[in-house]
Structures are given as structure tokens and as C-alpha cells.
Amino acid sequence: MFYERSSKYKNCYTKDIEVDYRDYEVTAANILNLLRGRYDKDLPLSKRLLSDENSKITIFISSHGGDNFIKIQDTDLIQSEDFAHAFNEMHIKKRYKEILFITDTCRAFSLYQEIMAPDIYM
């Protein structure tokens, strides 16, 4: 949804655009589980990151943040160490070849300080 000057929201997604996670499905737990490949057996394939050792992944997150954290939905946090652990697990499970990790938040660079997994570009 995009905000217009007319104070109304306009849906800019056409019927052929697939959105896997909407609104309150976007939680810290869902983001981290998506990266790690930890799914409930009933979760549809469309909500899974079906990656392998040849996958090049781009992750872009825009939100509020501070030193070593980013806010999700203004009620949830992901800490820098959460991302570090998730990327380490992804590396061990061979879930990527390269990851481009982009964050748009205050103090975004602090999210990168604990990431030690290889081939993560920030």
C-alpha cells in the first residue's frame, strides 16, 4: 500500500503480483524461521525460502531501529545476534551462495557487526 496526498491508500499490487507475507504475518519469528528453513509441515511452499548452495539472495528490510536491533511491526524486535545466528545456520545448512543484506533504518550498520557467516554482503 502506498500513501497518497488525498489521505487514502491505494493498492498498487495488480492481481498477478504474489505477496507471500502480509500485514501481521510479518513477524520477527517468521522472518528468522524463513531464513533458517524452519517451517511447520503445513506451511505452503509459497511461504518458504526454497534456496540451496547455489542461491543468491537479496534481503531488504526497512523499518525503525537502533543500536543492534530493528523493529518489526513496532511491537517486535530482531537483534543483530539473531541475524548472525540465522545466517550462520543458513551457511551450515547450505541455504545460500551469497546474500546481499540491505537495511534501511537508524543505526543500520550496527546490525552487521556480529555477522560472521561467509559471503554475506552488507
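Computed from a predicted structure; not experimentally measured. (Residues numbered from 1 in each chain as written. Predicted model: local features only at pLDDT ≥ 70, side-chain atom pairs only at ≥ 80, totals over all residues. Heavy atoms only, no water.)

A. Structural detail: the packing of aromatic side chains. Taken as a whole and judged by the stated rule, the model has five aromatic pairs. Measuring from ring centre to ring centre gives 6.2 Å for Phe 83 and Phe 87, while their planes differ by 25°; the resulting arrangement is stacked. With Phe 83 and Phe 87 both in helix α2 (residues 80–92) and four residues apart, this pair spans about one turn of that helix. Under the relative-accessibility criterion, Phe 83 is labelled buried at 1%. (Phe/Tyr/Trp six-rings, centres within 6.5 Å; stacked < 30°, edge-to-face > 60°. Helix = DSSP H or I, 4+ residues; strand = E, 2+ residues; numbered from the N terminus. Buried < 20%, exposed > 50% of the residue type's maximum accessible area, 1.4 Å probe, protein only.)

B. Spotlight on a nonpolar patch on the surface. On the surface, Phe 60, Leu 100, Ile 102 and Tyr 121 cluster together into a nonpolar patch covering about 370 Å² of accessible area. Along the chain, Phe 60 falls in strand β3 (residues 56–62). (Patch = residues over 30% accessible without salt bridge, like charges linked within 9 Å, V, L, I, M, F, W, Y side chains within 5 Å. Areas by Shrake-Rupley, 256 points an atom, 1.4 Å probe, with all protein chains shown as cover. Salt bridge = Lys/Arg side-chain N within 4 Å of Asp/Glu carboxyl O.)

C. Up close: helix α1 (residues 28–36). If you check which residues of α1 are buried, you get Ala 28, Ile 31, Leu 32, Leu 35 and Arg 36. Buried residues in α1, looked at end-on, bunch into an arc of 125°, giving them a common side. Elements in contact with the buried residues of α1: β3, β5 (69–72), β6 (76–79) and α2. Taken from the residues just after α1, Gly 37 is the one with a positive phi, measuring 80°. (Arc of directions from axis to C-beta. Contact = heavy atoms within 4.5 Å.)

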